[in-house]
Amino acid sequence: TDNSGAVVPGVTVEVTSQATGLTRNAVTGLDGVYTVPLVNPGTSAVKASLSGFRTTLRSGIGATVTEASPVHLQLTACAATGRVPVFCSRKQPVP
């Protein structure tokens, strides 16, 4: 979800085993839900990223063989920064 609690589709989610370094990926659906199958048992780090939002990372997430481990991640929108180039043209006098 975002700061307002709205679901965020299209988020790339990476689950990395802290024991092996093996990474599995998923993308959130239109409902903001994702599933990452075949995660090794043990402790993992979960990273969520999407353009326009700050990357969110949570480590120390436990996974077992017999049950799902839901992880709720909240994304924060990035502040709009940057520069917009402005060009002007000056008409030249016609001789």
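We now turn to the structure provided with this report. (Residues numbered from 1 in each chain as written. Predicted model: local features only at pLDDT ≥ 70, side-chain atom pairs only at ≥ 80, totals over all residues. Heavy atoms only, no water.)

### Re the overall build of the chain
And then number 1: Scanning the chain from N- to C-terminus turns up zero helices and four strands.
And then number 2: When the helices and strands of the chain are placed in sequence order, the string is β-β-β-β.
And then number 3: Looking at the chain as a whole, 21% of its 95 residues are labelled buried.
And then number 4: Long-range contacts, defined as pairs at least 24 residues apart, comprise 42% of the intrachain contacts of the chain with a sequence gap of at least 6.
And then number 5: A total accessible area of about 7,100 Å² is found for the chain, and carbon and sulfur atoms account for 57% of it. (Helix = DSSP H or I, 4+ residues; strand = E, 2+ residues; numbered from the N terminus. Buried < 20%, exposed > 50% of the residue type's maximum accessible area, 1.4 Å probe, protein only. Contact = heavy atoms within 4.5 Å. Areas by Shrake-Rupley, 256 points an atom, 1.4 Å probe, with all protein chains shown as cover.)

### Here we look at the nonpolar core
And then number 1: In this structure, V11, V46 and L75 are the most contacted members of the largest nonpolar core, which totals 13 residues.
And then number 2: Residue assignment for this core shows that the elements contributing at least two residues are β1 (12–17) and β3 (42–49).
And then number 3: Ignoring any residue separated from it by four or fewer positions in sequence, one finds V11 in contact with A26, V27, T28, A48, S49, L50 and L75. (Core = buried A, V, L, I, M, F, W, Y, C linked by side-chain atoms within 4.5 Å.)

### A word on unusual backbone geometry
And then number 1: At L38, a position not held by glycine, the phi torsion is positive, near 60 degrees.
And then number 2: A residue is classified by how much of its surface remains accessible, and L38, at 66% relative accessible area, is exposed.

### Some points on the sheet that holds strand β2 (residues 23–27)
And then number 1: Strand order in the open sheet made by the four strands is β2-β1-β3-β4, with antiparallel pairing throughout. Among the strands making up the open sheet, the edge pair consists of β2 and β4 (56–63). Each strand of the sheet is rotated relative to its neighbour by a mean of 25 degrees, with strand direction disregarded.
And then number 2: Sheet topology places β1 next to β3; six bridges connect them, and they run antiparallel. Note on β3: the bridge partner recorded for T16 is A45. (Pairing = 2+ DSSP bridges. Axes fitted to C-alpha atoms, helices over the stretch in contact; angles between N-to-C directions.)

### Here we look at the environment of R58
And then number 1: Turning to its location among the elements, R58 is positioned in strand β4.
And then number 2: Once the C-alpha coordinates of R58 and V46 are considered, the two residues, 12 residues apart in sequence, prove to be 5.3 Å apart.
And then number 3: In contact with R58, not counting residues within four places along its chain, are S44, A45, V46, V71, H72 and L73.

### Concerning the pairing of β3
And then number 1: Bridge count between β3 and β4: six bridges; the pairing is antiparallel. The partner of V46 across the bridge, within β4, is R58.
And then number 2: Here β3 folds back onto β4 in antiparallel fashion, the turn holding six residues, of which G52 has a positive phi close to 95 degrees.

Taken by themselves, the reported measurements are silent on function.
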